[in-house]
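Chain by chain, the residues run as shown.
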Amino acid sequence: MQPPLRVGIAGLGTVGAAVLDILSRRAAQVAGRAGRPVVVTAVSARDRTRDRGRDLSAYRWFDDPAALAVSDEIDCLVELIGGEEGPARAAVEAALGAGKHVVTANKALLAKHGLALAAAAEAKGRALAFEASSAGGIPIVKTLRESLAGNGIARIYGILNGTCNYILSRMEQEGSSFAECLAAAQQLGYAEADPTFDVEGYDTAHKLAILTSLAFGSAIDSEAIYVEGISSITPLDLRMADELGFRIKLLGVAERVGDAGIEQRVHPTMVHKTSPVAQVMGVTNAVTVDADAVGELTLVGPGAGGSATASAVVSDIADVAAGTFGAPFGRPVAGLERAERAPMQRHKGGYYVRVTVHDRPGVAAGVASRMAEADISLESILQKRPPGADRDKLGRSGEPVPIVLITYEATEAAIRQALGEMAADGLLAEPPQVIRIERD
Ligand SMILES: NC(=O)c1ccc[n+]([C@@H]2O[C@H](COP(=O)([O-])OP(=O)(O)OC[C@H]3O[C@@H](n4cnc5c(N)ncnc54)[C@H](OP(=O)(O)O)[C@@H]3O)[C@@H](O)[C@H]2O)c1
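Residues numbered from 1 in each chain as written. Predicted model: local features only at pLDDT ≥ 70, side-chain atom pairs only at ≥ 80, totals over all residues.

Describing the overall build of the protein
Looking only at helices and strands, the protein has 14 helices and 17 strands in total. Over its C-alpha trace the protein gives a radius of gyration of 25 Å, about what one expects of a compact globule, namely 22 Å for 440 residues. The principal-axis extents of the C-alpha atoms in the protein amount to approximately 85 × 50 × 35 Å. The 440 residues of the protein split such that 49% are buried. Within the protein, contacts between residues separated by at least 24 positions form 75% of all contacts whose residues are at least 6 apart in sequence. (Helix = DSSP H or I, 4+ residues; strand = E, 2+ residues; numbered from the N terminus. Rg over C-alpha atoms; globule rule 2.2 N^0.38 Å. Buried ≥ 20, exposed ≤ 12 C-beta atoms within 10 Å, placed from the backbone. Contact = placed C-beta atoms within 7 Å.)

Next comes the structure, spelled out in structure tokens:
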């Protein structure tokens, strides 16, 4: 058997500690697959005195993860600190510069610096592996990079943030508000004290940036992503969605749109109740790939959690030990396409538009005619009058009432134009709600 792969783990939190556990529990299995043992020789975290419930005496301790990264005692740095800059970036750059392999779960770092880090790994002929960075325990990185190598991919989309899916699922099941369900998610440890990063879609965007590059062979371009979060979704939208045969999910979607390039977007999305991603409730993640040879593929599983994420990290470590790794993004950095950014204004699809209007004569007709003038065809209109209000003989109360419009395929620009005209006409009692519909 070859000499062991010597691993240094930087970060011993939720994921790092679980990686230590799997590597010790599955040592023989990993060695058998890799053809050589994997041994952890050194570790680093912020606080050496913290009781981690594990005996760390066999590992050399480094206060500075960048010093661990260049240590002669390791062949592979496993970076599980997190963050796009700071100690994580310093350690990964130092490791690659020193000719070490790197395994990381750090989506923020990859979304921002993935291309430069891949180039650094390539220059040294070393691995930069990141299965855990997108959708946690779901093996989507290797699926895209290896298993689907013979496919042309038209679209990839998924539920990539368990916090958002938990909140939307609970809002739907209980009819509660976003704020109530966020508070419940925080109590259960599913949401951070500052939830902005998750609920405003940025975490999903980081993961989408990585998946887009792998799916389309394009250079990672996180700045091209249109991002909208879930905080504006109301129980009324979820009820309306239900009546119309949809569920609302926060999706990350990347799609090749003809000559216009690649569209990347993160936003609350209406998905048909029968679609695979609509079945995914709670903190679970799911990714669907439209691939031309194999057809549609959906992978569902845990997107977070120590053990599930460590499962993906250990699979990368085993690849490094076996020497079975290629270009981080599936092809050499110079061969990655610099794709056009398809602008959101030109996005085409169906739309759910909820406008709140004063229940007065001519208002519904005014809304419909502004849509028609913008060349938008309506598939259905739903008007919900609140019970109990005083009404004229035609049943109108003068109170604000929601009208929900489902459109056939329209452009984002046309929808925004129609809503702008309605606002200028004084038809809207509240800001409108716009939710894009994703085709199956
Ligand atoms: N948690 C998940 O479910 C999950 C899922 C997918 C991907 N990820 C990714 O995995 C990575 C780790 O996440 P996590 O949840 O395990 O984070 P975590 O529980 O917060 O752990 C972070 C670890 O980094 C250490 N650390 C922080 N600053 C440091 C520094 N300056 N020097 C040395 N060590 C430092 C901390 O040390 P102390 O322990 O001493 O404070 C801690 O052990 C992140 O990139 C995250 O995005 C996590």
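Considerations on helix H7 (residues 162–174)
For H7, built from 13 residues, the straight-helix expectation of 18 Å at 1.5 Å per residue is met to within 8% by its first-to-last C-alpha distance of 18 Å. Counting buried residues along H7, 11 of its 13 residues qualify, which places the element largely inside the surrounding structure. For H7, the set of buried residues is Gly162, Thr163, Cys164, Asn165, Tyr166, Ile167, Leu168, Ser169, Arg170, Met171 and Glu172. Among the structural elements, strand E7 (153–159), helix H8 (178–187), helix H9 (196–199), helix H11 (235–244), strand E9 (246–256) and strand E11 (284–291) are those in contact with the buried residues of H7. One or two residues past the end of H7 sits Gly175, with phi positive at roughly 70°. (Expected span 1.5 Å × (residues − 1).)

Details of the site of the ligand
Around the ligand, a shell composed of 24 residues is seen, among which Gly11, Gly13, Arg46, Gly82 and Ala304 lie nearest. In terms of residues, the shell around the ligand owes the most to one element, helix H1 (residues 14–25), which gives 3 residues. A per-class count over the shell around the ligand returns 10 nonpolar, 10 polar and 4 charged. (Near = placed C-beta within 6 Å. Nonpolar A, V, L, I, M, F, W, Y, C, P; charged D, E, K, R; others polar.)

Focus on the domain arrangement of the protein
Looking at the protein, the domain boundaries give domain 1 (5–133), domain 2 (142–302) and domain 3 (345–437). One C-alpha centre belongs to domain 2, the other to domain 3, and the line joining them spans 26 Å. The partner domain 3 presents 12 residues to the 13 residues of domain 2 that form the contact. At the level of elements, H11 and strand E10 (262–272) are the ones that each hand at least two residues to the side of domain 2 that touches domain 3. Counting residues per element, the side of domain 2 that touches domain 3 draws most heavily on E10, at 6 residues. (Domains from an automatic or database assignment.)

Notes on the packing of helix H6 (residues 140–147) against helix H10 (residues 202–216)
For any two helices packed against each other, one specifies the inter-axial angle together with the distance between the axes. Direction vectors running N to C along H6 and H10 enclose 15°, while the axes themselves pass 8 Å from each other. By the criterion of interaxial angle, the relationship of H6 to H10 is roughly parallel. Judged by the sense of rotation from one axis to the other, the crossing of H6 with H10 is left-handed. On H10, the residues touching Ile140, Val141, Leu144 and Arg145 of H6 are Leu211, Leu214 and Ala215. Partitioning the contact of H6 with H10 into residue classes produces 6 nonpolar, no polar and 1 charged. (Axes fitted to C-alpha atoms, helices over the stretch in contact; angles between N-to-C directions. Parallel < 35°, antiparallel > 145°, perpendicular 65-115°, else oblique. Left-handed = near helix turned anticlockwise from the far one by under 90°.)

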